Amino acid sequence: MQSFLRVSVALSYSRRASKITQVFNLKVLSFSVNHSTLTPRISLPDRDYSVNSEVARSNSLVTRLCREGNINEARHMFDKMLERDVVTWTAVITGYIKCGLIAEARRLFDRTDAIKNVVTWTAMVSGYMRLNRISEAERLFEAMPMRNVVSWNTMIVGYCQNRKVGKALEMFERMPERNVVSWNTVITALSQCGQVDEAKRLFDEMPKRDVISWTAMVAGLARNSRVDDAREIFDRMPEKNVVSWNAMVTGYAKNMRLVEAFELFEKMPERDLPSWNTMITGFIQNHELKQARKLFNHMPEKNVVSWTTMITGYVQEGESEAALKIFMEMVRDGRAKPNEGTFVNVLGACSDSASLGEGQQVHQMISKTVYQDMPFVISALISMYSKCGELDMARKMFNDGVTSQRDLVSWNGMVAAYAHHGNGMEAIKLFNEMKGLGFKPDDVSYVGLLSACSHAGLVEEGLSYFEELTKDKSIQVREDHYTCLIDLCGRAGRLREALDLVKQLGIKSSSSIWAALLAGCNVHGDLKIGKLAAQELSKKEPENAGSYMLLSSIYASSGKWKEAARVRSEMNEKGLKKQPGCSWIEIENRVHVFLARDKSHSQSNLIYSLLNILHAKMKKIGSESHFDFLDDQDFSVS
């Protein structure tokens with residue numbers, strides 16, 4: 001009988017894929033105040049106030065070249081100019097910073113003949129902050145001969161963007177003069193790091209607020225689960241824009257108050273794309289896929305976030321075929337191009353449905369885009385090929401990537417692929433190679449590794465790696481790790497050892513852990529421990545028919561037919577039915593689907609005749625003990 005629990009590394013990848021998906025959908029689900037409104041921009045002057053008209057004309061051309069990114073041409077013209085002013089110097093320095101050439105900008109800035117003003121200094125400070133070179137930004141800021149409010153705001157924004165909220169607050173307190181951007185930036189940063197009470201205190205102290213101030217406070221309260229407080233602020237707003245409405249709708253949706261979110265959505269005086277995307281994401285998060293699709297169909301326009309959100313929803317609900325159909329609709333529509341998140345989710349759908357043909361087509365599409373070398377996409381391709389049985393192709397995908405570009409997700413994906421196919425030694429070899437190259441394993445790495453050891457029967461190796469995991473205090477040992485460990489011992493017949501481990505966990509032992517132990521008892525016919533595991537599992541999941549089926553199987557394999565029948569009868573009295581097993585195979589672009597005891601296939605007579613022959617041969621070679629509990633009518637042609 002097939003094991004009730006397959007502790008497959010597919011679980012680890014799907015969990016990681018879910019995280020990836022969340023990252024790509026943050027634009028849809030999470031509201032944050034648009035930092036472009038708060039950040040002091042490195043801007044080139046629209047007007048030139050140079051006294052010399054020839055210098056003014058040259059400055060205009062230099063500024064245009066810098067804006068267009070033609071920094072080399074701008075520098076060439078700069079060097080040819082016989083006379084320059086502060087506008088000239090600031091334009092080229094800022095142009096270098098915009099192109100990411102901070103060293104070139106600094107060399108020009110430090111020249112003895114450089115003409116600089118507060119804008120030039122502020123541009124250099126902002127450049128260092130954007131590159132997370134905070135110490136250099138601080139030194140330059142302190143050396144400034146003159147500062148204005150934009151200079152101070154640049155430092156505050158830089159600290160906030162680098163998650164140094166304490167330093168941002170210190171800078172805010174030092175400011176001789178503040179404007180609304182100063183207040184908005186600090187309030188937003190405090191809200192995002194959970195200090196919402198401090199943010200509210202500053203909000204109440206603001207001498208003057210704009211719509212961004214109010215919206216930042218609404219979003220901050222909602223983000224920190226204080227949605228009723230957020231609504232109170234929202235209702236007090238003297239004016240609201242579409243971003244304000246989106247923030248409140250998002251707050252309700254994130255806090256699982258979908259009815260209120262939708263009521264507010266319907267009241268919106270105007271909606272933009274984020275409004276629709278936010279509401280669709282709210283429905284999907286609350287498992288209201290039909291409502292999400294209905295709203296999606298009524299959208300006046302869709303972008304890549306809209307399509308990807310729907311694809312993600314179907315994948316998360318296990319409707320892989322529907323996810324693939326949505327993707328094809330997106331491709332046919334043609335107005336929104338798939339991005340990295342789209343491809344990761346679509347490949348996840350191909351993996352879940354073992355749709356190799358569709359996966360290969362998606363791979364061909366990816367190969368024509370800039371996403372083909374991105375680690376998340378490569379990991380999704382590795383998983384897709386692995387789950388579709390193409391392990392060699394999965395390894396090729398891994399090997400083709402430049403070693404320096406591989407991230408931990410790629411390594412975990414390949415370890416997962418070997419585990420999925422029972423290649424334990426290859427998984428261990430790859431895991432050790434990964435560590436040798438300086439990658440630190442995470443919780444997902446160990447799920448894959450322990451699963452590989454379990455599937456390959458490498459008990460001692462698995463126990464050794466589990467001990468290594470528990471000693472690493474930087475990784476939290478979670479349920480999946482314990483489940484893998486119990487499955488490892490159970491498959492190897494070390495059921496007493498597995499039971500002792502479960503008892504050590506105490507109340508932490510979950511249904512998946514007891515299910516793994518029960519599955520091991522079924523394989524090795526341990527009735528005593530099997531009964532205990534089944535009892536514990538039925539307490540945690542009383543509606544789970546699988547535990548009854550496994551216990552019945554254990555009784556039957558021990559020759560206790562009455563007990564087996566009693567368990568089956570008890571299961572029937574409770575109205576529990578085991579979901580029929582389902583498998584499918586693709587032959588010549590046609591997918592053939594089979595359910596247990598299904599005779600609807602056009603060649604069912606031939607198939608069952610062959611199964612009957614195979615069953616008879618297997619019994620002859622000594623496999624009777626594994627098939628005694630199978631009903632002969634399962635293989636009958638009728």
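Residues numbered from 1 in each chain as written. Predicted model: local features only at pLDDT ≥ 70, side-chain atom pairs only at ≥ 80, totals over all residues. Heavy atoms only, no water.

(A) Region of interest: the overall build of the chain. Broken down by element type, the chain carries 37 helices and two strands. The buried share of the chain, taken over its 638 residues, is 49%. A fraction of 61% describes how many contacts in the chain between residues 6 or more apart in sequence connect residues 24 or more apart. Put simply, the chain shows about 31,800 Å² of open surface, and 51% of that area lies on carbon and sulfur atoms. (Helix = DSSP H or I, 4+ residues; strand = E, 2+ residues; numbered from the N terminus. Buried < 20%, exposed > 50% of the residue type's maximum accessible area, 1.4 Å probe, protein only. Contact = heavy atoms within 4.5 Å. Areas by Shrake-Rupley, 256 points an atom, 1.4 Å probe, with all protein chains shown as cover.)

(B) Here's a closer look at the state of the cysteines. A complete count under the given rule lists zero disulfides for this structure. Here Cys-453 is not disulfide-linked; the sulfur of Cys-484 is the nearest cysteine sulfur, at 9.6 Å. (Disulfide = S-S within 2.5 Å.)

(C) Molecular detail of the pattern of salt bridges. One pass over the structure, following the stated rule, counts 31 salt bridges. Note that Asp-480 and Arg-478 form a salt bridge whose closest N and O atoms lie 2.3 Å from each other. The network of salt bridges with common partners includes Glu-142, Arg-147 and Arg-174. (Salt bridge = Lys/Arg side-chain N within 4 Å of Asp/Glu carboxyl O.)

(D) Structural context of the packing of helix 4 (residues 53-67) against helix 5 (residues 71-80). The geometry of helix 4 relative to helix 5 is characterised by a closest axis approach of 8 Å and an angle of 160° between their N-to-C directions. With respect to helix 5, the element helix 4 is oriented roughly antiparallel. Considering only the axes of helix 4 and helix 5, their crossing is left-handed. Where helix 4 abuts helix 5, its residues Ser-58, Leu-61, Val-62, Leu-65 and Cys-66 lie against Ile-71, Glu-73, Ala-74 and Met-77. (Axes fitted to C-alpha atoms, helices over the stretch in contact; angles between N-to-C directions. Parallel < 35°, antiparallel > 145°, perpendicular 65-115°, else oblique. Left-handed = near helix turned anticlockwise from the far one by under 90°.)

(E) Molecular detail of the packing of helix 30 (residues 479-491) against helix 31 (residues 495-505). With their axes 8 Å apart at the nearest point, helix 30 and helix 31 run at an angle of 160° to one another. Here helix 30 lies roughly antiparallel to helix 31, going by the angle between them. Judged by the sense of rotation from one axis to the other, the crossing of helix 30 with helix 31 is left-handed. Touching Tyr-482, Leu-485, Ile-486, Cys-489 and Gly-490 of helix 30 are Leu-495, Ala-498, Leu-501, Val-502 and Leu-505, all from helix 31. Taken together, the residues that form the contact of helix 30 with helix 31 break down as nine nonpolar, one polar and no charged. (Nonpolar A, V, L, I, M, F, W, Y, C, P; charged D, E, K, R; others polar.)

(F) Expanded view of the packing of aromatic side chains. For the structure shown, the criterion picks out 17 aromatic pairs. When the ring of Trp-411 is compared with that of Phe-439, the centres are 5.7 Å apart and the planes differ by 45°; the resulting orientation is tilted. Of the two residues, Trp-411 is situated in helix 26 (residues 408-420) and Phe-439 in the loop between helix 27 (424-436) and helix 28 (443-456); the sequence distance between them amounts to 28 residues. Overall, Trp-411 belongs to the buried group, its relative accessible area being 0%. Judged by centre distance (5.5 Å) and plane angle (65°), the ring pair of Phe-431 and Tyr-446 falls under edge-to-face. You can see Phe-431 sitting in helix 27 and its partner Tyr-446 sitting in helix 28, a full 15 residues away along the chain. As far as the burial class goes, Phe-431 and Tyr-446 line up, both buried. An aromatic cluster is built from Phe-262, Phe-265, Trp-276 and Phe-283, whose rings are joined through pairwise contacts. (Phe/Tyr/Trp six-rings, centres within 6.5 Å; stacked < 30°, edge-to-face > 60°.)

(G) Geometry of helix 19 (residues 289-297). Listing the buried residues of helix 19 in full gives Leu-289, Ala-292, Arg-293, Leu-295 and Phe-296. Buried positions in helix 19, seen along its axis, are confined to an arc of 165° and lie on one side of it. Seen from the buried face of helix 19, the exposed residues on the opposite side, beyond 90 degrees, are Lys-290 and Lys-294. Where helix 19 is buried, its residues touch helix 17 (258-267), helix 18 (273-285), helix 20 (304-316) and helix 21 (320-333). (Arc of directions from axis to C-beta.)

(H) Local environment of the nonpolar core. In this structure, Met-124, Met-310 and Met-414 are the most contacted members of the largest nonpolar core, which totals 150 residues. For this core, the element with the most residues is helix 14 (residues 211-223), which contributes nine residues. Apart from the residues within four sequence positions on either side, Met-310 is in contact with Ile-280, Ile-284, Leu-289, Ala-292, Arg-293, Phe-296 and Ile-326. Counting residues in hydrophobic clusters, the runner-up holds 30 residues, among them Leu-517, Leu-527, Tyr-555 and Val-567. (Core = buried A, V, L, I, M, F, W, Y, C linked by side-chain atoms within 4.5 Å.)

(I) View of the environment of Arg-236. Within the fold, Arg-236 resides in helix 15 (residues 227-236). Between the C-alpha atoms of Arg-236 and Trp-214, which are 22 residues apart in sequence, the distance is 9.0 Å.

(J) Region of the structure containing helix 30. Here helix 30 contains 13 residues, and its C-alpha end-to-end distance of 18 Å stays within 8% of the 18 Å for a straight helix at 1.5 Å per residue. Counting buried positions along helix 30 gives ten out of 13 residues, so the element sits mostly inside the fold. Of the positions making up helix 30, those classed as buried are Asp-480, His-481, Thr-483, Cys-484, Leu-485, Ile-486, Asp-487, Leu-488, Cys-489 and Gly-490. The positive-phi residue at the C-terminal boundary of helix 30 is Gly-493, with phi of around 85°. (Expected span 1.5 Å × (residues − 1).)

(K) Geometry of unusual backbone geometry. Of note in the backbone geometry, Asn-132 takes a positive phi value of approximately 65° without being a glycine. Position of Asn-132 relative to the elements: it lies in the loop between helix 8 (118-130) and helix 9 (134-143). A positive phi angle, close to 50°, is found at Ala-354, a residue other than glycine. Relative to the elements of secondary structure, Ala-354 occurs in the loop between helix 22 (340-353) and helix 23 (356-366). For Ala-354, a relative accessible area of 32% translates into the label partly exposed.

(L) View of the environment of Cys-99. Mapped onto the fold, Cys-99 is located in the loop between helix 6 (86-98) and helix 7 (102-109). On the accessibility criterion, Cys-99 (34% relative accessible area) is partly exposed. As a C-alpha pair, Cys-99 and Ile-71 span 28 residues in sequence and 7.7 Å in three-dimensional space. If we ignore the near neighbours within four places in the chain, the residues touching Cys-99 are Gly-69 and Ile-71.

(M) Region of the structure containing a nonpolar patch on the surface. Together, Leu-610, Leu-611, Leu-614, Met-618 and Ile-621 line one region of the surface with nonpolar side chains, adding up to about 460 Å² of accessible area. With respect to the helices and strands, Leu-614 occurs in helix 36 (residues 604-620). With a relative accessible area of 42%, Leu-614 lands in the partly exposed category. (Patch = residues over 30% accessible without salt bridge, like charges linked within 9 Å, V, L, I, M, F, W, Y side chains within 5 Å.)

(N) Seen up close, the environment of Gly-69. Looking at the element boundaries, Gly-69 is found in the loop between helix 4 and helix 5. Gly-69 gets classed as partly exposed once you look at its relative accessible area, which sits at 37%. Taking the C-alpha atoms as reference, Gly-69 lies 8.8 Å from Tyr-96; in sequence the two are 27 residues apart.

(O) Broad picture of the confidence of the model for the chain. Looking at the chain, pLDDT values average 81 and 85% of them are 70 or higher. For the chain, per-element mean pLDDT is lowest for helix 2 (residues 26-29), which scores 33, and highest for helix 20, which scores 94. Taken as a whole, residues 44-48 scores under 50 in pLDDT and shows 15 contacts with residues more than four places along the chain or in a different chain. (pLDDT = per-residue confidence, 0-100.)

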